[in-house]
Amino acid sequence: KSQIIQSLKWIGIEHDDKEYIQSEKINEHKKVAEELLKKGFAYRCYCSEEEINEQKNSAKKKGIPFVYNRKWREPKNLSIPTNVDPVIRFKSKISGNSIIKDLVQGEINISNSTIEDFIILRQDGSPTYQLSATVDDHLMKITHVIRGDDHINNTFRQINIFKALEESIPIYGHVPMILGEDGKRMSKRHGAVNVLEYKEIGVLPEALLNYIVRLGWSYGDQELFQLEELIKIFKDGKLNNSPASFSYDKLIWFNREYFLKIGNKTLLKKVAPISSNFKEDDYSLEVINLIKERCSLLSEFDKEGAYFFDDAIIIDSEEAKKTFTEEALEILEFLIQSFKEMKTWDIEGIKKIINKVKENKGVGMASVGRPFRLAITGRMNSASVDETSLVLGKEKVIKRLEEVIKNYP
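In what follows, the accompanying structure is described. Worth saying up front: this structure is predicted, and the values here are computed from it rather than measured. (Residues numbered from 1 in each chain as written. Predicted model: local features only at pLDDT ≥ 70, side-chain atom pairs only at ≥ 80, totals over all residues. Heavy atoms only, no water.)

### Quick look at the overall build of the protein
Counting its secondary structure elements, the protein contains 19 helices and 9 strands. In summary, the protein has a C-alpha radius of gyration of 33 Å against a globular reference of 22 Å for 409 residues, an excess of more than 25%. Taken along the three principal axes of its C-alpha coordinates, the protein extends 110 × 45 × 35 Å. Counting every position in the protein, which comprises 409 residues, the buried fraction comes to 44%. If you take every contact in the protein between residues at least 6 apart in sequence, the share linking residues at least 24 apart comes to 67%. Here the protein has roughly 23400 Å² of accessible surface; of this, 49% comes from carbon and sulfur atoms. (Helix = DSSP H or I, 4+ residues; strand = E, 2+ residues; numbered from the N terminus. Rg over C-alpha atoms; globule rule 2.2 N^0.38 Å. Buried < 20%, exposed > 50% of the residue type's maximum accessible area, 1.4 Å probe, protein only. Contact = heavy atoms within 4.5 Å. Areas by Shrake-Rupley, 256 points an atom, 1.4 Å probe, with all protein chains shown as cover.)

### Details of the packing of aromatic side chains
The tally for this structure, following the rule as stated, stands at 18 aromatic pairs. Relative to Tyr219, the ring of Trp217 lies with its centre 6.1 Å away and its plane at 10 degrees, an arrangement referred to as stacked. For Trp217, a relative accessible area of 1% corresponds to the buried category. For Tyr219, a relative accessible area of 31% puts it in the partly exposed group. Centre to centre, the rings of Trp253 and Phe254 are 5.1 Å apart; their planes meet at 85 degrees, and the pair counts as edge-to-face. (Phe/Tyr/Trp six-rings, centres within 6.5 Å; stacked < 30°, edge-to-face > 60°.)

### Section: the pairing of strand β2 (residues 87–90)
Residues Val87 and Arg89 line one face of β2 and the alternating positions Ile88 and Phe90 line the opposite face, and both faces are buried. Inspection of the sheet shows strand β1 (residues 42–45) paired to β2 by 4 bridges, in the antiparallel sense. Looking at the pairing, Cys45 lines up with Val87 of β2. Bridge analysis of β2 against strand β5 (residues 119–121) gives 2 bridges, and the strand direction is antiparallel. (Pairing = 2+ DSSP bridges.)

### Quick notes on the layout of surface pockets
If you add up the space inside the largest pocket, you get close to 1600 Å³. Along its surface, the largest pocket is lined by 39 residues, and Leu8, Ile11, Ile13, Ile212 and Val213 are the ones closest to its centre. Secondary-structure elements contributing two or more residues to the lining of the largest pocket are α1 (2–10), β6 (144–148), α6 (195–201), α7 (205–216) and α8 (227–233). Of the residues forming the lining of the largest pocket, the biggest block, 6 residues, is contributed by α7. (1 Å grid on protein atoms, 1.4 Å probe; cavity = no way out; pocket = protein on both sides within 12 Å on 5 of 7 lines; lining within 4 Å. Points joined across faces, edges and corners; volume = space filled by probe spheres on them.)

### Things to note about α1
Buried residues of α1: Ile5, Ser7 and Trp10, and no others. With its phi angle positive at about 95 degrees, Gly12 sits one or two positions after the end of α1.

### Regarding α7
The terminal C-alpha atoms of α7, which comprises 12 residues, lie 18 Å apart, in line with the 16 Å expected from a rise of 1.5 Å per residue. The buried fraction of α7 is high, at 9 of 12 residues. Those residues of α7 that fall on the buried side of the exposure criterion are Pro205, Ala207, Leu208, Leu209, Asn210, Tyr211, Val213, Arg214 and Leu215. The elements touched by buried residues of α7 are α1, α6, β8 (217–218), α8 and α9 (248–261). (Expected span 1.5 Å × (residues − 1).)

### As for the environment of Val404
Position of Val404 relative to the elements: it lies in helix α19 (residues 394–407). What makes Val404 buried here is its relative accessible area of 2%. Setting aside chain neighbours within four positions, we find Val404 in contact with Ile315, Phe324, Leu329, Leu332 and Ala375.

### Brief notes about the packing of helix α15 (residues 326–341) against helix α16 (residues 347–361)
Taken N-terminus to C-terminus, the directions of α15 and α16 make an angle of 140 degrees; their axes are 10 Å apart at the nearest point. Put simply, α15 runs oblique to α16. Considering only the axes of α15 and α16, their crossing is right-handed. Between α15 and α16, the residues in contact are Glu330, Ile331, Phe334, Leu335, Ser338 and Phe339 and Ile350, Ile353, Lys356, Val357, Asn360 and Lys361, respectively. Per-class residue counts for the contact of α15 with α16 are 7 nonpolar, 2 polar and 3 charged. (Axes fitted to C-alpha atoms, helices over the stretch in contact; angles between N-to-C directions. Parallel < 35°, antiparallel > 145°, perpendicular 65-115°, else oblique. Left-handed = near helix turned anticlockwise from the far one by under 90°. Nonpolar A, V, L, I, M, F, W, Y, C, P; charged D, E, K, R; others polar.)

### Structural notes on the side chain of His174
Relative to the assigned elements, His174 resides in strand β7 (residues 171–175). For His174, a relative accessible area of 0% puts it in the buried group. Of the polar contacts made by the side chain of His174, one reaches the side chain of Asp102; its length is 2.5 Å. In this structure His174 touches Ile100, Asp102, Val104, Gln105, Arg147, Gly148, Asp149, His151, Ile152 and Thr155, once residues within four positions along its chain are discounted. (Polar contact = N/O pair within 3.5 Å; in protein donor to acceptor, adjacent residues only side chain to side chain.)

### Describing the nonpolar core
If you look at the biggest cluster of nonpolar residues, it comprises 73 residues, and the most contacted ones within it are Leu332, Leu335, Phe339, Phe372 and Leu401. Take this core: its biggest share by element is 7 residues, from α15. Once you skip the residues sitting within four places of it in the chain, Leu401 turns out to touch Leu332, Leu335, Ile336, Phe339, Phe372, Ala375 and Ile376. Counting residues in each nonpolar core, the second largest holds 25 residues, with Val32, Ala33, Phe90 and Val145 among its members. (Core = buried A, V, L, I, M, F, W, Y, C linked by side-chain atoms within 4.5 Å.)

Structure, rendered in structure tokens:
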């Protein structure tokens, strides 16, 4: 229970009233079972477990769904056994059809012969889901029930209980189950995890909520929504009546889009508490702005931005051997001298010097950018080298270039 509430709170959904705990209402459920017995809508069934298993095996051999044979529905010539505790079964309709007008699936029509006399109280006196869910919906004055389409058969059973009690029936909507990318029902083997595990790996709650909503609902071609917007326009959208497939890659796409959307200060507030490098200061804010397009999870910011915070960077020896050629080292020497002469450390000045090196040496950007990038970041893949240099600062850039000249003669 607490995990469910924590998960809902994390994605921004608060319950309006005190949480409703089904197990605390068992006595109410039992009273309704007794009421159904008195009114003739339920009966005691004394079939043993062996008898039920025989019926199930017989149905299996015939290749038909198991439906209890209703032996104790009219027990005129039966002797009540003394060694069997009865269950209480609901008297389902035997003939005709039942119809529900589903909000998502449209009209659903089934034969009453397929609805067995289902158990509402077990041998130990505990209520079953069918009874408890119906009574709870009644006690809470539920008007609409939206749930997975694997509950459609349960809905027909529960509607019959409502009718027997002469209570108003909720409006039902059955949404398709979420599938894995292989088209089969979502399970742990597809990577389904507890909601809070997405928090641990660095998914934003807004992104997860947005993605889950879009799995079963659409509003034109719009993809991104804020919670307040969803609440306002949800009724104008469309609930999907075909199953959607959960895609981890698509979820990560949503997460990355939110990184770009929520603003650097807000993003830094989310990164800083789980980071060993980022603090809520101006320098970290500059780094966030530079690398956010390269990150898809909050947990990736520390790794992606490590070279901005490390005093010394580690350069792969094989990469250094390929990159720091004699010509490359001459280019780095030229950069060092030019940067030292800069009076104002700004992006325009850095770009001018890079262009000056290209002209003087008669080379393209790759010949300058590759050794320059590797020298100041320790990697070949990073944000633009001029913007990276600006954030790192003049002193740190020159120091890292000089370290390369010293260590790779």
